[in-house]
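# Fold and contact review
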Amino acid sequence: MTQTATSEHLTKKTFPVTGMTCAACANSVETILSYTDGVKSASVNFASNTVLVEYDQEQIQAEGLNKALTEIGYGLIIGEENLEEAGEKAQHEHYQQVKKQTIGAALLTLPIFILGMFFMHWEPGKWISLVLSIPVLFLFGRHFFINAYKQAKHGKANMDTLVALSTGIAFLFSLLNTLFPEFWLERGITPHVYYEAATVIITFISFGKLLEEKAKSGTTTALKKLMGLQAKSLKAIIDGKEQEIPIAEVAVGYEIVVRPGEKIPVDGTVLSGNSYVDESMISGEPIPVEKKENDLVYAGTVNQKGSFHFKAEKVGSETLLSQIIKRVQEAQGSKAPVQKLADKIASIFVPAVIGIAVITFATWMILGGDDAFTHALLTSVAVLVIACPCALGLATPTAIMVGVGKGAENNILIKDAESLELAHHVNAIVLDKTGTITAGKPSVSNAKWISSQTEQDFGPMLLAIESKSEHPLAEAVSKSLKENNLESAKLLDFQSITGKGATAKNEDGITFFVGNESLLDSHRITLPEEFSKLSIKWKSEAKTVIFFANDQELLAILAITDEIKPSSKSAISQLVQQGIEVFMLTGDNHQTAAAVAKQVGLTDFKAEVMPSDKSDFIKELQSQGKKVAMVGDGINDSEALAQADVSIAMGHGSDIAMDVAKMTIISSDLEAIPKALKLSKMTVNGIRQNLFWAFIYNLIGIPIAAGLLYPFNGFLLDPMIAGGAMAFSSVSVVLNSLRLKGKKL
């Protein structure tokens, strides 16, 4: 009985989360909510700073969920009318806060760095550095200490822990040396301060977090644009009268009116009228689809020139557009943020360094003789300073920044560092057809006239009819004729014939026909054998054939096609040579898909697929253990792009595709894709080299700092030299990253 009662009161709700700064925070929020009484499940989307909670309203309310999180420093935004807007506002405010912290830290760190590096023996310089470093650490960098404390409460350690520990100890040690220099002077040791080391670390890491926040703030743009496709109001027939009502008030069964240029508000079936509808957001195909009685129409698609009435059949969250939005959200949210390698290593590295520092201190206190405390303090601080996370923290971002810049030089815009790291693992690529393999612009590829004189005599008439026609392909014909410097003739009695084409008369009263073969058949116009064979040939090549005739005979036939990009075949060949499986998906018919696949050398393709089919196909490949890249350009590709491990958009495509995708090919040249994969490999190699050198440095530096050489030659590493060694390790990592710039793709 209890289970039944609970299930009746279960509700799912998405809340914006505040206070999350890293993937570990997201895990903490998820864990705490999951173990809160009354909560069935909690799933955090770190990219959008939200959490989807399924909970029993009888056991706990939103206020209770918020209370559970505020106790450990996080929070939920509740009680707002528009939670989505409130979440976006909070995320924007957090970004602005991080920006101010980074700028503030950088401005104060610069004079400290100059004093520490070039005026280290100037006594007033120490006091100036002390005054300037306090706000850097405890105002602009306080979040590092707060986050480190949160991690410690849960028995964890990350980069924040190392930053807080090394900067905190470097500051305290410097403070003591500033206030009580005589302690060291009495022992014959020159007291040094390390304010510049502490503040430079804070500034560098803050800058990295600023870049991360900026990238994160753009992740919801695509969803906002998808939601922008939804109509806000509609015109419905109520009590026999046309009325404009908000979209929220529409119900299944309503009769809705759609006029030229309007968005279709909900899914339904045409009752009367006819038009052409731009369904590229669903099919990806650039040619608008004819709609007549009993045809289906979908929310978010755009009506062209005609008007019609349709019956609402799916409204609200049931529409195809709403399902696309939901699935994009799920695809983005289902991928847990990948912990950076440096963070993973830091979770082991930090406790290890602390342990080494403690052991070092204890060992010197026991074996250090008369100067036991002096040596113990110097060596343990040297261990912590030399183990500074700068080299470790810079290893990944510097290589990524150079890789991103290198990509931009080669027309590859990379939005997300994670995808640049993942791309070298890709072993399967899914290509959309229209706009990706093909140009996405219908054009006249072939034209055959009865004679050249016929073209001169009747071309202007064909141009006049096609200029007036509402058919989507008419524009391609008009453009082609205008390029041949033809001018439009005068028309009389123009008529559009639904599903067949159009007719018109010229000034001499002669009737002309433009359209498909059935239009000619209905007027008993026969095709010469040569033209009939040509028509069959063009159709087998997946071209659309248009016939032009007068009331006596055929005058011309034209073929319209979506041309394959010159680079497509070569790019696909390069990918196959790299051992990558290439698949083509399209909403177009099987005949067209097969013809395109054959021309570019592909054997794996699927035709007549819906947006969800593309996403499901990628899931199927991923379930086989493949790392999948998706390349697309349309709104209909957005769901599949969000699902893929690496998402690539073609630059001429929809804004939504480019927002969802983590990489964009500006030039629309498919040959940039093999380059992007090569760039990823080069960048990952650079990261690995950087991490290797960062660890070799620590492996050698930490034992020396701990005093390993003292028994052999009496050498103890001064913490100031340790600070210099730390700086050198960072410089070496940056220089290694910059080597990528000189390499060719």
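Keep in mind that what you see is a predicted model, and the values were worked out from it rather than measured. (Residues numbered from 1 in each chain as written. Predicted model: local features only at pLDDT ≥ 70, side-chain atom pairs only at ≥ 80, totals over all residues. Heavy atoms only, no water.)

All right, on to the overall build of the chain then. A tally of helices and strands in the chain yields 29 helices and 26 strands. Here the chain holds 745 residues, and the buried ones make up 50% of them. Across the chain, the fraction of contacts at a sequence separation of at least 24, relative to all contacts at a separation of at least 6, is 68%. Carbon and sulfur atoms make up 56% of the accessible area of the chain, which amounts to about 34500 Å² in all. (Helix = DSSP H or I, 4+ residues; strand = E, 2+ residues; numbered from the N terminus. Buried < 20%, exposed > 50% of the residue type's maximum accessible area, 1.4 Å probe, protein only. Contact = heavy atoms within 4.5 Å. Areas by Shrake-Rupley, 256 points an atom, 1.4 Å probe, with all protein chains shown as cover.)

Let's shift gears to the sheet that holds strand β11 (residues 296-297). Reading across from one edge, β6-β5-β7-β13-β8-β11 is the order of the six strands in this open sheet, with antiparallel pairing throughout. Pairing within the sheet leaves two strands with one partner each, and these edge strands are β6 (241-246) and β11. Of the strand pairs in this sheet, strand β8 (residues 267-273) and β11 are connected by two bridges, and their pairing is antiparallel. For Gly 268, the partnering residue across the bridge sits in β11 and is Val 297. (Pairing = 2+ DSSP bridges.)

With respect to the secondary-structure elements, Lys 626 resides in the loop between α24 (611-623) and β24 (628-632). Classification of Lys 626 by relative accessible area gives buried; the value is 17%. Only 3.4 Å separates the side chain of Lys 626 from the side chain of Glu 581, close enough to count as a polar contact. Of the polar contacts made by the side chain of Lys 626, one reaches the side chain of Gln 624; its length is 3.0 Å. Setting aside its immediate chain neighbours within four residues, Lys 626 contacts Asn 427, Ala 428, Glu 581, Leu 621 and Asp 645. (Polar contact = N/O pair within 3.5 Å; in protein donor to acceptor, adjacent residues only side chain to side chain.)

The sites that carry the UniProt feature "transmembrane region" (unreviewed entry) are, in the present numbering, residues 102-121, 127-149, 161-180, 192-211, 345-367, 373-396, 691-710 and 716-738. End C-alpha atoms of residues 102-121 are separated by 29 Å, and the span's content is 85% helix alongside 0% strand. In residues 691-710, helix accounts for 80% and strand for 0%; the two terminal C-alpha atoms are 28 Å from one another. (UniProt positions renumbered as here; feature names shortened; annotations may be inferred.)

Let us now look at the sheet that holds strand β22 (residues 581-585). Pairing in this open sheet of seven strands is mixed, and the strands run β14-β26-β25-β24-β15-β22-β23 from one edge to the other. Edge positions in the sheet fall to β14 (412-414) and β23 (605-606), since each has one partner strand and no second. Lying over the sheet, α24 contacts β15 (428-432), β22, β23 and β24, oriented at roughly 170° with respect to β15. (Axes fitted to C-alpha atoms, helices over the stretch in contact; angles between N-to-C directions.)

As a further point, take helix α22 (residues 568-577). For α22, the complete set of buried residues consists of Ser 568, Ala 571, Ile 572 and Leu 575. Angularly, the buried residues of α22 cover 95° about the axis, an arc narrow enough to put them on a single face. Residues Lys 569 and Gln 577 are exposed on α22 and point more than 90 degrees away from its buried face. For α22, the secondary structure elements touched by its buried residues are β15, α17 (433-437), β21 (554-564), β22, α23 (590-600) and α27 (672-705). Gly 579, located one to two residues past α22, shows a positive phi value of around 80°. (Arc of directions from axis to C-beta.)

Here we come to the packing of aromatic side chains. In this description, an aromatic ring pair is defined by two values, namely the gap between the centres and the angle between the planes. Following the criterion strictly, the structure yields eleven aromatic pairs and no others. Taken together, a centroid distance of 5.6 Å and an interplanar angle of 35° make the contact between Phe 138 and Phe 145 tilted. Between Phe 692 and Trp 693, the ring centres sit 5.3 Å apart and the planes meet at 75°, which makes this aromatic pair edge-to-face. Here Phe 692 falls in the partly exposed class, since its relative accessible area comes to 47%. (Phe/Tyr/Trp six-rings, centres within 6.5 Å; stacked < 30°, edge-to-face > 60°.)

Here we come to a nonpolar patch on the surface. There is a patch of nonpolar side chains on the surface, built from Leu 110, Phe 113, Ile 114, Met 117, Phe 118, Phe 119, Trp 122 and Ile 128 and spanning about 800 Å² of accessible area. Among the elements that line the nonpolar patch, the one with the most residues is helix α4 (residues 83-118), at five residues. For Ile 128, the position within the fold is in helix α5 (residues 123-140). Since its relative accessible area comes to 37%, Ile 128 is described here as partly exposed. (Patch = residues over 30% accessible without salt bridge, like charges linked within 9 Å, V, L, I, M, F, W, Y side chains within 5 Å. Salt bridge = Lys/Arg side-chain N within 4 Å of Asp/Glu carboxyl O.)

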